[in-house]
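Each chain, written out:
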Amino acid sequence: MQASSKPSPMAQIWHIVSMIPQGKVYSYGKVADLAGLPGRARLVSKALRAAPPEMALPWHRVINSQGKISFAEHTPPFIEQMQCLRAEGVIVNRGRIKLSDYEWQPDIATLVLSLPY
DNA sequence: TAAGTGACGTCGA
DNA sequence: CTCGACGCCACTT
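Residues numbered from 1 in each chain as written. Chains lettered and ligands numbered in written order. Predicted model: local features only at pLDDT ≥ 70, side-chain atom pairs only at ≥ 80, totals over all residues. Heavy atoms only, no water.

Asks: How should I be thinking about the protein's contact with DNA strand C in this particular structure?
Replies: Around DNA strand C, the structure places Gly39, Arg40, Arg42, Lys46 and Arg96. Sugar and phosphate atoms constitute 64% of the interface atoms of DNA strand C, taking the interface as everything within 4 Å of the protein. The side chain of arginine 40 places a nitrogen or oxygen atom 3.3 Å from a phosphate oxygen of DNA strand C. Take arginine 96: an N or O atom from its side chain is 3.5 Å from a phosphate oxygen of DNA strand C. By residue class, the composition of the surface near DNA strand C is no nonpolar, one polar and four charged. (Near = heavy atom within 4 Å. Polar contact = N/O pair within 3.5 Å; in protein donor to acceptor, adjacent residues only side chain to side chain. Nonpolar A, V, L, I, M, F, W, Y, C, P; charged D, E, K, R; others polar.)

Laid out in structure tokens, this is it:
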């Protein structure tokens, strides 16, 4: 059984990102881990850029492991991401976000039920 | 095939 | 805590 093909890495990444709750953030590296792609954080950024706008993926909730927005400060994309986060109640200072307050703590049960076994 | 690039991560100064 | 160097991976030149 289970002869069906497993989802593409990009589809897996999109799936994980779509699960990040409003008002919470998660790092590229951890998204990659949950997607079953350890060590491929850079693939996550690529997947977000490739995501069609129609799917309204919450890309702004993905930041780097240091709790900062990865775009260069003062650039249009940086400002857009910061505003999206603030609109959800996330406090952003100079591109920095307090992970101890806003990092998503994925529920194990939810994860198990959502992964493609 | 080698070298460059990037919405990353980790470690040490 | 901030920075730079280096490691990494998947492309692109």
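Still more ground to cover, so stick around.
Asks: I'm lost on the pattern of salt bridges in this one. Help?
Replies: Two side chains carrying opposite charge are able to pair once their charged atoms lie near each other. Using the criterion set out here, one finds two salt bridges in the structure. Between lysine 30 and glutamate 103 there is a salt bridge, and its shortest N-O distance comes to 3.0 Å. On the criterion of sequence distance, the pair formed by lysine 30 in helix H2 (residues 28–34) and glutamate 103 in the loop between helix H5 (99–102) and helix H6 (108–114) is long-range, its members being 73 residues apart. Under the relative-accessibility criterion, lysine 30 is labelled partly exposed at 36%. With relative accessibility at 17%, the residue glutamate 103 sits in the buried group. (Salt bridge = Lys/Arg side-chain N within 4 Å of Asp/Glu carboxyl O. Helix = DSSP H or I, 4+ residues; strand = E, 2+ residues; numbered from the N terminus. Buried < 20%, exposed > 50% of the residue type's maximum accessible area, 1.4 Å probe, protein only.)

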